[in-house]
Amino acid sequence: MTITVAGNKKEVKDGLTLPELISQENVETPEYVTVSINEEFIQKDQEASTVLKEGDSVEFLYFMGGGAY
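Residues numbered from 1 in each chain as written. Predicted model: local features only at pLDDT ≥ 70, side-chain atom pairs only at ≥ 80, totals over all residues. Heavy atoms only, no water.

Caption draft 1: Quick peek at the overall build of the protein. A tally of regular secondary structure across the protein gives 2 helices and 5 strands. The N-to-C order of helical and strand elements in the protein reads β-β-α-β-β-α-β. Each of the 69 residues in the protein was classed as buried or not, and the buried ones make up 32%. Here the protein has roughly 5,000 Å² of accessible surface; of this, 50% comes from carbon and sulfur atoms. On the protein, the mean spot of the 5 positive side-chain charges and the mean spot of the 13 negative ones are 3 Å from each other. (Helix = DSSP H or I, 4+ residues; strand = E, 2+ residues; numbered from the N terminus. Buried < 20%, exposed > 50% of the residue type's maximum accessible area, 1.4 Å probe, protein only. Areas by Shrake-Rupley, 256 points an atom, 1.4 Å probe, with all protein chains shown as cover. Lys, Arg positive; Asp, Glu negative; His and termini not counted. Charge placed at Lys NZ, Arg CZ, Asp CG, Glu CD.)

Caption draft 2: Molecular detail of the pairing of strand β5 (residues 57-62). In the sheet, strand β1 (residues 2-5) pairs with β5 via 2 bridges, with the strands oriented parallel. For V5, the partnering residue across the bridge sits in β5 and is V58. Summarising the sheet, strand β3 (residues 33-37) and β5 pair through 5 bridges and their orientation is antiparallel. When the bridges of β5 are listed, S36 appears paired with E59. (Pairing = 2+ DSSP bridges.)

Caption draft 3: Molecular detail of the side chain of S36. Among the structural elements, S36 can be located in strand β3. Here S36 falls in the buried class, since its relative accessible area comes to 7%. Once you skip the residues sitting within four places of it in the chain, S36 turns out to touch F41, S57, V58, E59 and L61. (Contact = heavy atoms within 4.5 Å.)

Caption draft 4: Molecular detail of the environment of L21. Here L21 is to be found in helix α1 (residues 18-24). Considering only alpha carbons, one finds L21 and G65, 44 residues apart in sequence, at a separation of 26 Å. Other than its neighbours up to four places away in sequence, L21 contacts I3, V5, L16, L52, V58 and F60.

Caption draft 5: Region of interest: the side chain of T50. Along the polypeptide, T50 turns up in the loop between α2 (44-47) and β5. When neighbours within four sequence positions are excluded, T50 is seen to be in contact with L16, T17, L18, I37 and I42.

Caption draft 6: Quick look at the sheet that holds strand β4 (residues 40-41). Pairing in this open sheet of 5 strands is mixed, and the strands run β2-β1-β5-β3-β4 from one edge to the other. On the outer flanks of this sheet lie β2 (8-11) and β4, each paired with one strand and no other.

Caption draft 7: Representation of the nonpolar core in the model. Judged by nonpolar contacts, the single largest core of 16 residues is most densely connected at I3, L21, V35, I37, L52, V58 and F60. Every element with two or more residues in this core is listed here: β1, α1, β3 and β5. Not counting residues up to four positions away in its chain, the partners in contact with V58 are T4, V5, A6, L21, V35, S36, I37 and L52. (Core = buried A, V, L, I, M, F, W, Y, C linked by side-chain atoms within 4.5 Å.)

Right under this line is the structure:
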């Protein structure tokens, strides 16, 4: 099936789970990444049971803190 990951179309196996995709994409510090599928955020407790579907659009988001003087 075809999905879009970070703006790039990719062919992946049917029934691919979100944890499998995170592993395949070598996501750095996966414990700190927030995932959106089709512009909807996936809760951490739902990641393991999330199965991707044909045409899904997946984004990996990292929230960074910072500040100024």
